[in-house]
Amino acid sequence: MEWLHTLFFGNGIAHAVLTFALVITVGILLGKVKIGGVSLGITWILFVGIVLSHFGMTVDGEVRHFVQEFGLILFVFSIGLQVGPGFFASFKHGGMTLVMCAVAIVLLGVATAYVVHLVTGTPIPTMVGILSGAVTNTPGLGAAQQAYADASGIEDPTIALGYAVAYPLGVVGIIFTMIFIRYALRVKFEKEDEGLAALSREHKLADKVSVEFTNKTLDGRTVAYVRDLINRQFVISRILRPDGTISMADADSVIHLGDRLWVISQAEDIEAIVAFFGRRVEMTDEQWGNNTPNAELVSRRILITKSSLNGKKFSDLRLRTKYGITITRVNRAGVDLIPYQGLELQVGDRVMVVGPAKAVAQVADVLGNSLKKLNQPNLVTIFLGIALGVLLGSIPLLNVPQPVKLGLAGGPLIVAILIGRFGTHFHLVTYTTMSANLMLREIGIALFLAAVGIGAGDGFIDAIVDGGYRWIGYGVIITVLPLIIVALVARLWLKMNYYTLMGLIAGSTTDPPALAYANATAGNDMPAVGYSTVYPVVMFLRVLTAQIFILFAL
């Protein structure tokens, strides 16, 4: 049975693969267990790795280090690709207030950790690990470990130990803050619901309205002529004539008094457009569709799946001129956009096309409309982005006193965000299905946590006995204090809706269990909106501040 002992407690590739597989499997199974409705989720992998390593199931340092860093790169890169398209848009539509509050939480957390370091004498590397665990931010942990190893040439196991000790009460502390704010400020959900519709409209980029044309000065003018007079982005989808016939509108369509227009525009521009054309009338989507004579006019949502169209503009395709159709909306990642001529298309966009059935079918062939093609992974973009990210992360930016680098966490994250937003300019296909992105992300974080746990197992019990239990209290302070301060300011001074505030709290700590609790409590998607608005900036800041904090001590 020597072979069995060697397989479990020896060295070699088979032993390493078996150890990682067991750690990840058991960790994921334990992550399904909930206590009081709260679970530590995938973070159980870290604790399982610590336990198995403590009892002798370790992995060669070089192999473990490679798995740890590569897993981290996969994790942060997939996050960057996902949030990249909305990264810069998060600063619009009232999101700047949320982002600034999240930045304040991040900086207050770093300041609190530094004060605890000064008061208690806890080494800064350990304190950074406690900080990452207290705010449940795994990329920050990875960035801190990598920055310390690059600067000193050795690894500090107390970084991972501090993270592991502080993490459990970090999750609880975040949810506790939401509950504390709710009862301390006597939040009434009925009042929050009153402002929910208005808050939702702030994030809605496209809206529809029916208008009766009464502007005598523009009687007999074309749609193109009228569009040039209004400094707004809008599309006239259809025209209902006084005799009851509906026609599809294009640039050459002539508008007469008494016509009814179906207009798609940004929500904030609707009132100005209505005032310019005439007066608002109430018509449902079904009325616009059901009145179509002989069913000549159809509407169809078409997927853009041809890679050759990635980065192309509507003006380049000339679909309206060639096929006589109208494009009324573009849906990208769940958000409706106004289809102006200069809009750059991305593979994965869903385009609403209105026109004769034959013409719409021809447009579908031009755009692709093949779900099968969307399921094919775009590996060139992923690995090219990783290569560029590693290159960027390796460039020395400052020398105070050690070279400051973005590292293997910050570099790929920034490149992924930029590719997600601007990749189409360079004809890079950035689309991945949500399931593919999630799979890549989960594999990456599982490998990273397993490697960190296996590396931290030796000495974990000794660290707790020798005073590490105090780290739990330090973590609670770092978790709760910044959240309560900023939450009170946001609620009392900025008058932030409580649902959005819960999303801010969960997003500023990048904590999925807290978001799940917020969504279940709110019963709507406003916490998710707040979470996604601040998440990209917070993820970037957590990685950057962790590295700066580490280098500050060296």
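Residues numbered from 1 in each chain as written. Predicted model: local features only at pLDDT ≥ 70, side-chain atom pairs only at ≥ 80, totals over all residues. Heavy atoms only, no water.

The chain is annotated in an unreviewed UniProt entry as Transporter of Alistipes finegoldii. Under Subcellular location (unreviewed entry), UniProt gives the following word-for-word description of the chain: "Cell membrane". (UniProt positions renumbered as here; feature names shortened; annotations may be inferred.)

Colleague: Honestly, the confidence of the model for the chain in this entry has me stumped. Any pointers?
Modeller: Atomic detail in the predicted coordinates should be set aside for any region of low pLDDT. Looking at the chain as a whole, the pLDDT averages 79, with 84% of positions reaching at least 70. Mean pLDDT values over the elements of the chain span from 50, in helix α10 (residues 196-202), up to 93, in helix α22 (residues 470-492). Counted against residues more than four places away or in other chains, residues 290-295, with its pLDDT under 50, gives six contacts. (pLDDT = per-residue confidence, 0-100. Helix = DSSP H or I, 4+ residues; strand = E, 2+ residues; numbered from the N terminus. Contact = heavy atoms within 4.5 Å.)

Colleague: Is there a simple way to think about the pattern of salt bridges in this case?
Modeller: Working definition: two side chains of opposite charge can pair if their charged atoms are close together. For the structure shown, the criterion picks out three salt bridges. Put simply, Arg-241 and Asp-259 hold a salt bridge, and the shortest N to O gap is 2.5 Å. Of the two residues, Arg-241 is situated in the loop between β2 (234-240) and β3 (246-248) and Asp-259 in the loop between β3 and β4 (260-265); the sequence distance between them amounts to 18 residues. According to the relative accessible area criterion, Arg-241 is partly exposed, its value standing at 21%. Since its relative accessible area comes to 2%, Asp-259 is described here as buried. Close ionic contact of Arg-280 with Glu-271 constitutes a salt bridge, the shortest N to O distance being 2.7 Å. The exposure class of Glu-271 is exposed, given its relative accessible area of 55%. (Salt bridge = Lys/Arg side-chain N within 4 Å of Asp/Glu carboxyl O. Buried < 20%, exposed > 50% of the residue type's maximum accessible area, 1.4 Å probe, protein only.)

Colleague: What am I meant to see in the environment of Ser-78 here?
Modeller: With respect to the helices, strands and loops of the structure, Ser-78 is situated in helix α4 (residues 61-87). You can call Ser-78 buried: its relative accessible area is 1%. Spatially, the C-alpha atoms of Ser-78 and Pro-412 are 9.3 Å apart, while their sequence positions differ by 334 residues. Apart from the residues lying within four places of it in its own chain, the contact partners of Ser-78 are Asn-437, Leu-440 and Arg-441. Among the polar contacts made by the side chain of Ser-78, one reaches the main-chain carbonyl oxygen of Leu-74 at a distance of 3.0 Å. Separated by 2.8 Å, the side chain of Ser-78 and the backbone oxygen of Phe-75 make a polar contact. (Polar contact = N/O pair within 3.5 Å; in protein donor to acceptor, adjacent residues only side chain to side chain.)

Colleague: Help me understand the nonpolar core in this model?
Modeller: Soluble, globular proteins show a tendency: their nonpolar side chains are buried together. Counting residues in hydrophobic clusters, the biggest one holds 93 residues, and the most contacted among them are Met-178, Tyr-498, Leu-501 and Leu-504. Ranked by the residues each element gives to this core, the list is headed by helix α8 (residues 157-184), at 13 residues. With residues up to four places along the chain from it excluded, the contact list for Met-178 reads Tyr-498, Met-502, Ile-505, Ala-506, Ala-514, Tyr-517 and Ala-518. (Core = buried A, V, L, I, M, F, W, Y, C linked by side-chain atoms within 4.5 Å.)

Colleague: Just to check I follow, could you spell out α8 for this structure?
Modeller: Given 3.6 residues per turn, any residue in an α-helix points the same way as the ones three and four places further on. Taking 1.5 Å as the rise per residue, α8 with 28 residues should run 40 Å; its terminal C-alpha atoms sit 39 Å apart, in good agreement. The largest bend in α8 comes to about 40°, at Tyr-167, with the proline Pro-168 one to four residues further on. Phi turns positive, to about 55°, at Arg-186, one or two residues after α8. (Expected span 1.5 Å × (residues − 1). Bend = angle between axes of the 7 residues up to and from the residue.)

Colleague: Mind showing me how you'd approach empty space enclosed by the protein here?
Modeller: Where empty space is left becomes clear once a probe the size of a water molecule has been rolled over the atoms. If you walk through the whole model with that rule in mind, you get three cavities of 30 Å³ or more. Leu-131, Ser-132, Val-135, Asn-137, Gly-140, Arg-542, Thr-545 and Ala-546 are the residues that line the second largest cavity. Secondary-structure elements contributing two or more residues to the lining of the second largest cavity are α6 (124-134) and α25 (526-552). The dominant element in the lining of the second largest cavity, judged by the number of residues it contributes, is α25, at three residues. For the lining of the second largest cavity, the per-class residue count stands at three nonpolar, four polar and one charged. (1 Å grid on protein atoms, 1.4 Å probe; cavity = no way out; pocket = protein on both sides within 12 Å on 5 of 7 lines; lining within 4 Å. Points joined across faces, edges and corners; volume = space filled by probe spheres on them. Nonpolar A, V, L, I, M, F, W, Y, C, P; charged D, E, K, R; others polar.)

Colleague: Is there a simple way to explain the side chain of Thr-177 in this structure?
Modeller: Mapped onto the fold, Thr-177 is located in helix α8. Not counting the four nearest positions on each side in its chain, Thr-177 is found in contact with Val-480, Leu-483, Ile-484 and Ile-505.

Colleague: In this structure, what is going on with the environment of His-425? I would like to understand it.
Modeller: Along the chain, His-425 falls in the loop between α19 (407-422) and α20 (434-456). Judged by its relative accessible area of 40%, His-425 is partly exposed. For the pair His-425 and Glu-344, spaced 81 residues apart in the sequence, the C-alpha separation amounts to 8.5 Å.

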